[in-house]
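# Commentary on secondary and tertiary structure
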Amino acid sequence: MEANAEAADFILHRHEFVGDTAELTPYGKDHILEIAARARCAPFPILVERSENNSSPTVDDRRRTIIAQVLVDHGVADAQQRTIISPAYGKGLTAHEAESDYSQFLNSRLAGGPVVAP
């Protein structure tokens, strides 16, 4: 489980890009620098999350190309081979699902229910 959690740190999610472009958001720029710092010592692939339902393969490929080049520029020599396009590990939650889960969590805490670690 620990290795899976660490591998998930090497995923660049769709929300880390500006709209349907290959430009990184400020958070995405910070995240890619963190990945570059750790990638030289970690065996994990660098994953660029695929567009929803594979709807924009050209954008996905452009994102992968740019991310791999940024990593190469920051000393990750094998970034071209390690950077892939793929769905993120595990299914994420929609905003509605996350809000519902959070509300249930708050209600259980307010009702004095048991605290369960995620």
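So, here is what we can say about the structure in this document. (Residues numbered from 1 in each chain as written. Predicted model: local features only at pLDDT ≥ 70, side-chain atom pairs only at ≥ 80, totals over all residues. Heavy atoms only, no water.)

The next subject is the nonpolar core. A general tendency of soluble globular proteins is for nonpolar side chains to be buried together. F10, L12, I35, I46, I67 and L71 are the most contacted members of the largest nonpolar core, which has 17 residues in total. Contributing elements (two or more residues each) for this core: α2 (26-39), β2 (46-49) and α3 (57-73). The dominant element in this core, judged by the number of residues it contributes, is α2, at four residues. In this structure L71 touches I32, I35, A36, I46, V76, A79 and T83, once residues within four positions along its chain are discounted. (Core = buried A, V, L, I, M, F, W, Y, C linked by side-chain atoms within 4.5 Å. Buried < 20%, exposed > 50% of the residue type's maximum accessible area, 1.4 Å probe, protein only. Helix = DSSP H or I, 4+ residues; strand = E, 2+ residues; numbered from the N terminus. Contact = heavy atoms within 4.5 Å.)

On to the packing of α2 against α3, then. Packing of α2 against α3 brings their axes to within 9 Å, and their N-to-C directions diverge by 50°. The angle between the axes of α2 and α3 places the two elements in the oblique class. Crossing handedness for the pair α2 and α3: right-handed. On the side of α2, the interface is formed by I32, I35 and A36, while α3 contributes I67, V70 and L71. (Axes fitted to C-alpha atoms, helices over the stretch in contact; angles between N-to-C directions. Parallel < 35°, antiparallel > 145°, perpendicular 65-115°, else oblique. Left-handed = near helix turned anticlockwise from the far one by under 90°.)

All right, on to the pattern of salt bridges then. Per the counting criterion, the structure on display carries four salt bridges. With a shortest N-O distance of 3.3 Å, E6 and R38 are connected by a salt bridge. Taken together, the residues span a long stretch of sequence, with E6 in helix α1 (residues 2-8) and R38 in helix α2 at a distance of 32 residues. The class for E6 is partly exposed, based on a relative accessible area of 30%. By relative accessible area, R38 is classed as partly exposed at 33%. The closest approach of N and O atoms between D9 and R38, which form a salt bridge, is 3.0 Å. With D9 in the loop between α1 and β1 (11-12) and R38 in helix α2, this pair connects stretches of sequence that are 29 residues apart. For D9, a relative accessible area of 35% corresponds to the partly exposed category. (Salt bridge = Lys/Arg side-chain N within 4 Å of Asp/Glu carboxyl O.)

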